[in-house]
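Examining the three-dimensional arrangement
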Amino acid sequence: MPFLGLNFLVIVDAHTKWPEVKIIPDMTADTTIVYLREFFTTFGVPSVIVSDRGVQFTSEQFQAFLKKKNGITQKLGAPYHPTTNGQAERFVQTFKDKLKAIKCEKRDVQYELHKILMAYRRTVHPTTGKSPTMLVFGRQIKSRLDLMIPTNGVEKIPRGEEIELRHFAVNDRVAARDYTGSSKWRYGVVTERLGELHYMVELDDGRLWKRHIDQLRHGPAKELQLVTDPTIIGIDEQEILDKTAASSARLLERSTDEVQTAHQIPSSSATLPASCRNQSTEPEGTTMMENQEN
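Residues numbered from 1 in each chain as written. Predicted model: local features only at pLDDT ≥ 70, side-chain atom pairs only at ≥ 80, totals over all residues. Heavy atoms only, no water.

Side note on the environment of Val48
Within the element layout of this structure, Val48 appears in strand β4 (residues 48–51). A C-alpha to C-alpha distance of 9.3 Å links Val48 and Leu66, two positions 18 residues apart in sequence. Not counting chain neighbours up to four residues away, the residues in contact with Val48 comprise Ile72, Thr73 and Lys75. (Helix = DSSP H or I, 4+ residues; strand = E, 2+ residues; numbered from the N terminus. Contact = heavy atoms within 4.5 Å.)

What follows is the structure, encoded as structure tokens:
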């Protein structure tokens, strides 16, 4: 479609009423095929295409592209009867009227075209009762008009099947991945949660790092870290060895005391006198007869 000294390729989806308008350098079959491939990549290959009888649409090259390569049926309108392809022709008229109304110059056509397409795609169509964007995406696309509507914080949009992600709370002790030194991990405390996956971590040396959840893991308590991590700055190696040995000795001593206590527990039979143990083994009737004889 030539207009304002430019060539336009207009495509309208019959089901969703979604319009596409491309400014093309010429109206040859090669150029038309290039832009149709782009459209098919985004929205899929259609079953039927309705077009006018332009030479680019009736050429053998275009026929081969539709039928042999993509299995598309082409329907051509009657000569000099543009209403055969009513949907596309109606949008062409709307498009021309808009550009004429704003007295658009040639250099501003692309910018104004984007504005026209945005408004048209967001507007409810009288035939479908929904906007083209609702039928294509299942939701209304956002425009600058939405900035005038107040919102309470950031709206969380569901992304289908949600999975529960691991997370850290503020003041949690963590190990953060270090990419600057020989040590792979540096220890610190979570100071702030940035969204779902990012955190600010204050290291033990005072530095602040931003890390993704995949770059963090639960860190040991600071007291235990002094014993287990020999890479901490400012801790003498001998002091670490002494603390490790003391901790191991306390653990061994505690285990030994528990074993000795278990061996010293007396049994109930050992506390009975010998006479009681002998009497307990004889039947009660025998004891009574002996007393009567005496």
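Considering the packing of aromatic side chains
This structure, assessed with the given rule, holds eight aromatic pairs. With 5.8 Å between their ring centres and 50 degrees between their planes, Trp18 and Phe43 make a pair best called tilted. In this pair, Trp18 is assigned in the loop between β2 (6–12) and β3 (19–24) and Phe43 in helix α1 (residues 29–43), connecting sequence segments 25 residues apart. On the accessibility criterion, Phe43 (33% relative accessible area) is partly exposed. Through successive ring pairs, a cluster of aromatic residues spans Trp18, Phe39, Phe40, Phe43, Phe57, Phe62, Phe65 and Phe137. Arg139 extends its terminal NZ or CZ atom over the ring of Phe137, reaching a point 5.8 Å from the ring centre. (Phe/Tyr/Trp six-rings, centres within 6.5 Å; stacked < 30°, edge-to-face > 60°. Buried < 20%, exposed > 50% of the residue type's maximum accessible area, 1.4 Å probe, protein only. Lys NZ or Arg CZ within 6 Å of the ring centre and 35° of its normal.)

Some remarks on the side chain of Glu112
Assignment of secondary structure puts Glu112 in helix α5 (residues 109–122). Owing to a relative accessible area of 16%, Glu112 belongs among the buried residues under this scheme. Other than its neighbours up to four places away in sequence, Glu112 contacts Leu99, Ile102 and Cys104.

Topic: the environment of Arg122
Looking at the secondary structure, you find Arg122 in helix α5. Once the C-alpha coordinates of Arg122 and Trp18 are considered, the two residues, 104 residues apart in sequence, prove to be 9.8 Å apart. Setting aside its immediate chain neighbours within four residues, Arg122 contacts Ser131, Thr133, Gln140, Ile141, Lys142, Ser143 and Asp146.

So, α5
The terminal C-alpha atoms of α5 lie 20 Å apart, and with 14 residues this matches the ideal 20 Å at 1.5 Å per residue to within 8%. Listed in full, the buried residues belonging to α5 are Val109, Glu112, Leu113, Ile116, Leu117, Arg121 and Arg122. (Expected span 1.5 Å × (residues − 1).)

Details of the pairing of β3
Here β2 pairs with β3 via six bridges, running antiparallel. Counted as the bridge partner of Val10 is Val21 from β3. Hairpin connection between β2 and β3: a loop of six residues separates the two successive antiparallel strands, and Lys17 in this loop has a positive phi of roughly 65 degrees. (Pairing = 2+ DSSP bridges.)

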